[in-house]
Protein chains: 2
Amino acid sequence: MTQEQTAAPVVRITDVAALAGVSIGTASKALNDTGQLREETRARVREAAQKLGFMMDARGRALSSGRSYTVGMITTDSFGRFSIPVMLGAEDVLSAGQIAVLMCDTRDDAVREQHYLRSLASRRVDGIIVTGRSSDPRPPVSAGMPVVYAYTPSTDPDDVSISLDDGRGAELLADHLLSTGRRRVAYVAGPLHHQAAVVRARAAADRLGDALVEAPLHGDWSERWGRQAVDLLLRRSPDLDGIACGSDQIARGVCDRLRELGKAVPTDIAVTGFDDWNVMALASRPPLTTVNLRLEELGRLAGQALLELISGGAPESRAIEPTLVIRESTIGS
Amino acid sequence: MTQEQTAAPVVRITDVAALAGVSIGTASKALNDTGQLREETRARVREAAQKLGFMMDARGRALSSGRSYTVGMITTDSFGRFSIPVMLGAEDVLSAGQIAVLMCDTRDDAVREQHYLRSLASRRVDGIIVTGRSSDPRPPVSAGMPVVYAYTPSTDPDDVSISLDDGRGAELLADHLLSTGRRRVAYVAGPLHHQAAVVRARAAADRLGDALVEAPLHGDWSERWGRQAVDLLLRRSPDLDGIACGSDQIARGVCDRLRELGKAVPTDIAVTGFDDWNVMALASRPPLTTVNLRLEELGRLAGQALLELISGGAPESRAIEPTLVIRESTIGS
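Here the structure is a predicted model, which means the values were calculated and not measured.

**Some remarks on the pairing of strand β2 (residues 100-105) of chain A**
Residue and element names in this part refer to chain A.
No. 1: Where burial is concerned, most of β2 is hidden: six out of the six residues are buried.
No. 2: Residues Ala 100, Leu 102 and Cys 104 line one face of β2 and the alternating positions Val 101, Met 103 and Asp 105 line the opposite face, and both faces are buried.
No. 3: Both strand β1 (residues 70-75) and β2 contribute to a ladder of six bridges, which runs parallel. The residue of β2 that forms the bridge with Thr 70 is Ala 100.

Next up, the structure:
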């Protein structure tokens, strides 16, 4: 609003992308000779860059310019359990580069999101990180500037998304249950309408193979569902020796109900969670073996990717692997 | 970095709109005597304009100023459970005034805080909101610009702090226990080194009077402490009929342990929490009677106070009263 005028018009990669009629990611790839693009596209971008006098410096980075050294962080996640660690990681990287982060909470409201996008454009931010409460993909924002999606990936494969490899997390937990000798395992999943719940359940089921006693049960992300699922499962399979869960919250409910029924965890039945959310994973009795989502690391990588994109680089999308955290719910003390 | 220098604090129509809690369009209509508005709205806008010393120029346009329309939000709370709702409330008010919020997470690190203060000064933000994870007072920041403390008050009484009235929350819960006929009540508090824990315990004890069976027990903010406290208390006072707790987390542990010992909540013993943190208060068996901290409202008031301060007003410090939320842990279904 009150930004100082720049002395001379400085060309940014966004201008090149706009003139060539391609996304910023595509423009970056074309200028950096990376990625898979049609030669015709690459040529069109180079032509646009030349026409506008866009310059890359010796290290292959765009020359600095009328940048505001500010980026926007758009989140749909009012509660913050997922987006806050992502934001902290991103901010860590960005603030080390003297870049300030404008916080924009859209509260899952499309009108609010549009308001913020306009506001960020008028403030001439250098780029935007988009995050949210779910690891399910979302439609891309239309911003006309570099955008990186963190945790919540874009549905457009041309966008740069740093996401979570939910399937890999589920595999790690399944492997752990198998390696500790469990051979009659059930899976208690989150809701079918959450892609992450389905991906985790399917990956675990594939990995468990014959050790899976029945198809994954889908319910909601709650302790109550975990407790209910135990009653369902033990009626049909009283000889269960493991229960893998789609979240720590579900797993905590599972542990509570097993204790109430006189089943020892992990001696009788091993239990695994997903998320490594301390309030659930550590407060559970016993504490939960789970996977840590490495959300801060994910945020750092998103911050780095955005810096690269702003500088005219062509960062690749990637999915972060969660890491296994072993606690008493699978290994007796 | 590239903000224009300010000459003198100039009030804009956005300030008037934000203070009056209306859109800029509405504020403009009210001040220009155009459009169809309720007289009450028009009066509120005029009052806001007068309060802020708002001036229209000859063409009916607000005078522009060197303001950056950006404020900094400094928080020490990496986890975000307390600071996030405060921030959302503040942002709600500020963004209605077209003011963007720069997020600065200091992670309880004084060096990082200094870094952010310098960065915010160099960006010529209009003001700063300071918040944190604790309602205990903190030393003031040295910023040379308008600052409002939200949730975490400043130790300097000359600063503007919008804080939480912890004692009042404890009184509401004590009154509720007494009004439901409880006469042998114990208090399970948070740690002695947290002022909020001490204030809550003292206020509850004063209010409970003869109904308090022994001095409040201090432990940590955990479910485990709640479970341990039940064992301690029932050994000494097997005829307890109420347990008031310093937090929902403690109260959840208390409910779990009482259930394990075959005591019915609330029939045998009523239990109260503090915070209205859904993950604890609703997941508890039974769900907890507690007080809601109204953190978003607190944030909104902090945002309004900052706008007033920026516009040269003199907002007062105040403490928000939590509100009682009654659930099954005190009133049987």
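Moving on from the model shown.
**Some points on the interface of chain B and chain A**
No. 1: At the interface, 43 residues of chain B touch 41 residues of chain A.
No. 2: Around 3,600 Å² of area is buried between chain B and chain A when both sides are counted, 43% of it from carbon and sulfur atoms.
No. 3: At the boundary of chain B with chain A, the tally comes to 13 salt bridges.
No. 4: Across the pair Glu260(B) and Arg285(A) runs a salt bridge, and its minimum N-O distance is 2.8 Å.
No. 5: Connecting chain B to chain A are 22 residue pairs in polar contact (both at pLDDT 80 or more).
No. 6: Going through the elements one at a time, α4 (83-96), β2 (100-105), α5 (110-122), α8 (223-236), α9 (248-260) and α10 (278-281) of chain B are the ones with two or more residues in the side of chain B that touches chain A.

**Here's the deal with the environment of Ile74(B)**
No. 1: Relative to the assigned elements, Ile74(B) resides in strand β1 (residues 70-75).
No. 2: Here the alpha-carbon distance between Ile74(B) and Arg107(B), two residues 33 residues apart in the chain, equals 9.9 Å.

**Points about the sheet that holds strand β6 (residues 185-189) of chain B**
Residues and elements named next belong to chain B.
No. 1: Pairing is parallel across the open sheet formed by four strands, whose spatial order is β7-β6-β8-β9. Two strands bound the open sheet, and with one partner strand each, they are β7 (217-218) and β9 (270-272).
No. 2: Across the sheet, helix α7 (residues 195-208) touches β6 and β7, and the angle it forms with β6 is around 170°.

**A word on the packing of aromatic side chains**
Residue and element names in this part refer to chain A.
No. 1: Enumeration according to the criterion identifies two aromatic pairs over all chains in this entry.
No. 2: For the pair Phe 82 and Tyr 151, a centre-to-centre distance of 5.4 Å together with 10° between the ring planes defines the contact as stacked. On the criterion of sequence distance, the pair formed by Phe 82 in the loop between β1 and α4 (83-96) and Tyr 151 in strand β4 (residues 147-151) is long-range, its members being 69 residues apart. Neither residue differs from the other here; Phe 82 and Tyr 151 are each classed as buried.

**A closer look at helix α3 (residues 39-52) of chain B**
Residues and elements named next belong to chain B.
No. 1: With 14 residues, α3 should reach 20 Å at 1.5 Å per residue; the first-to-last C-alpha distance of 20 Å fits that figure.
No. 2: Among the residues making up α3, those that are buried are Thr 41, Arg 42, Val 45, Ala 48, Ala 49 and Leu 52. In a view along the axis of α3, the buried residues occupy a sector of 125°, so they form one face of it. Residues of α3 that are exposed and angled more than 90 degrees away from the buried face: Glu 39, Glu 40, Glu 47, Gln 50 and Lys 51.
No. 3: Backbone geometry just after α3 places Gly 53 at a positive phi near 70°.

**Some remarks on the sheet that holds strand β7 (residues 217-218) of chain A**
Residue and element names in this part refer to chain A.
No. 1: If you trace the four strands from one edge of the open sheet to the other, you get β7-β6-β8-β9, paired in parallel fashion. Of all the strands in the sheet, the pair left with one neighbour each is β7 and β9 (270-272).
No. 2: Bridging between strand β6 (residues 185-189) and β7 involves two bridges; their strand directions are parallel. Across the sheet, residue Ala 189 finds its bridge partner in β7, namely His 218.

**Some remarks on the side chain of Thr152(B)**
Residues and elements named next belong to chain B.
No. 1: Mapped onto the elements, Thr 152 comes out in the loop between β4 (147-151) and β5 (160-164).
No. 2: For Thr 152, a relative accessible area of 6% translates into the label buried.
No. 3: With near-sequence residues (within four places) excluded, Thr 152 lies in contact with Val 130, Thr 131, Gly 132, Arg 133, Ser 134, Asp 136 and Arg 138.

**As for the environment of Val291(A)**
Residue and element names in this part refer to chain A.
No. 1: Its location among the elements puts Val 291 in strand β10 (residues 290-292).
No. 2: The exposure class assigned to Val 291 is buried, which follows from its relative accessible area of 0%.
No. 3: If sequence neighbours within four positions are ignored, Val 291 has contacts with Gly 169, Leu 172, Leu 173, Phe 274, Asp 275, Asp 276, Pro 322, Thr 323, Leu 324 and Val 325.

**Some words on the packing of helix α2 (residues 24-32) of chain A against helix α3 (residues 39-52) of chain A**
Residues and elements named next belong to chain A.
No. 1: Axis separation between α2 and α3 bottoms out at 9 Å; the angle between their running directions is 90°. With respect to α3, the element α2 is oriented roughly perpendicular. Contacts from Thr 26, Ala 27, Lys 29, Ala 30 and Leu 31 of α2 reach α3 at Thr 41, Arg 42, Val 45, Arg 46 and Ala 49.
No. 2: Here the residues of the contact of α2 with α3 sort into five nonpolar, two polar and three charged.

**Some remarks on the domain arrangement of chain A**
Residue and element names in this part refer to chain A.
No. 1: Domain parsing of chain A yields domain 1 (70-164 + 295-321) and domain 2 (166-292).
No. 2: Placing the centre of domain 1 and that of domain 2 at their C-alpha centroids yields a distance of 31 Å.
No. 3: With seven residues of domain 1 at the interface, the matching set in domain 2 holds ten residues.
No. 4: A combined buried area of about 790 Å² lies between domain 1 and domain 2, and 44% of that area is made up of carbon and sulfur atoms.
No. 5: Among the residues of domain 1 in contact with domain 2, Arg 81, Asp 136 and Glu 321 are the three that bury the most area, contributing 56% of the side total.
No. 6: For the pair domain 1 and domain 2, the interface holds one salt bridge.

**A word on the side chain of Arg182(B)**
Residue and element names in this part refer to chain B.
No. 1: Along the chain, Arg 182 falls in the loop between α6 (166-179) and β6.
No. 2: Despite its burial, Arg 182 remains without a salt bridge, the nearest opposite charge being carried by Asp 241 at 5.4 Å.
No. 3: A distance of 3.1 Å separates a polar side-chain atom of Arg 182 from the backbone oxygen of Asp 241.
No. 4: If sequence neighbours within four positions are ignored, Arg 182 has contacts with Leu 177, Ala 211, Asp 241, Pro 266, Thr 267, Asp 268, Ile 269, Ala 270 and Thr 330.

**A look at the pairing of β4(B)**
Residues and elements named next belong to chain B.
No. 1: The element β4 is extensively covered by neighbouring structure, given that five of its five residues are classed as buried.
No. 2: When strand β3 (residues 127-131) meets β4, the two strands line up parallel, connected through three bridges. Residue pairing in the sheet places Ile 129 in a bridge with Val 148 of β4.
No. 3: Pairing between β4 and β5: four bridges, direction parallel. The partner of Val 148 across the bridge, within β5, is Val 160.

**Description of helix α7 (residues 195-208) of chain A**
All names here are of chain A.
No. 1: The terminal C-alpha atoms of α7 lie 20 Å apart, and with 14 residues this matches the ideal 20 Å at 1.5 Å per residue to within 8%.
No. 2: Listed as buried for α7 are Ala 196, Ala 197, Val 198, Arg 200, Ala 201, Ala 203, Ala 204, Ala 205 and Leu 208.
No. 3: On the buried face of α7, the contacting elements are β5 (160-164), α6 (166-179), β6 and β7.
No. 4: Immediately beyond the C-terminal end of α7, within one or two residues, lies Gly 209, with a positive phi of roughly 55°.

**Quick notes on the packing of helix α5 (residues 110-122) of chain A against α4(B)**
No. 1: Close contact between α5(A) and α4(B) brings their axes to 13 Å; oriented N to C, the two are set at 60°. Put simply, α5(A) runs oblique to α4(B). Pair α5(A) / α4(B) crosses with left-handed handedness. Side by side, α5(A) and α4(B) meet where Arg112(A), His115(A) and Tyr116(A) of the first sit next to Glu91(B), Asp92(B) and Ser95(B) of the second.
No. 2: Taken together, the residues of the contact of α5(A) with α4(B) sort by class into one nonpolar, two polar and three charged.

Calculation notes
Residues numbered from 1 in each chain as written. Chains lettered and ligands numbered in written order. Predicted model: local features only at pLDDT ≥ 70, side-chain atom pairs only at ≥ 80, totals over all residues. Heavy atoms only, no water. Buried < 20%, exposed > 50% of the residue type's maximum accessible area, 1.4 Å probe, protein only. Helix = DSSP H or I, 4+ residues; strand = E, 2+ residues; numbered from the N terminus. Pairing = 2+ DSSP bridges. Contact = heavy atoms within 4.5 Å. Buried area = accessible area lost by both parts, 1.4 Å probe. Salt bridge = Lys/Arg side-chain N within 4 Å of Asp/Glu carboxyl O. Polar contact = N/O pair within 3.5 Å; in protein donor to acceptor, adjacent residues only side chain to side chain. Axes fitted to C-alpha atoms, helices over the stretch in contact; angles between N-to-C directions. Phe/Tyr/Trp six-rings, centres within 6.5 Å; stacked < 30°, edge-to-face > 60°. Expected span 1.5 Å × (residues − 1). Arc of directions from axis to C-beta. Parallel < 35°, antiparallel > 145°, perpendicular 65-115°, else oblique. Nonpolar A, V, L, I, M, F, W, Y, C, P; charged D, E, K, R; others polar. Domains from an automatic or database assignment. Lys, Arg positive; Asp, Glu negative; His and termini not counted. Left-handed = near helix turned anticlockwise from the far one by under 90°.

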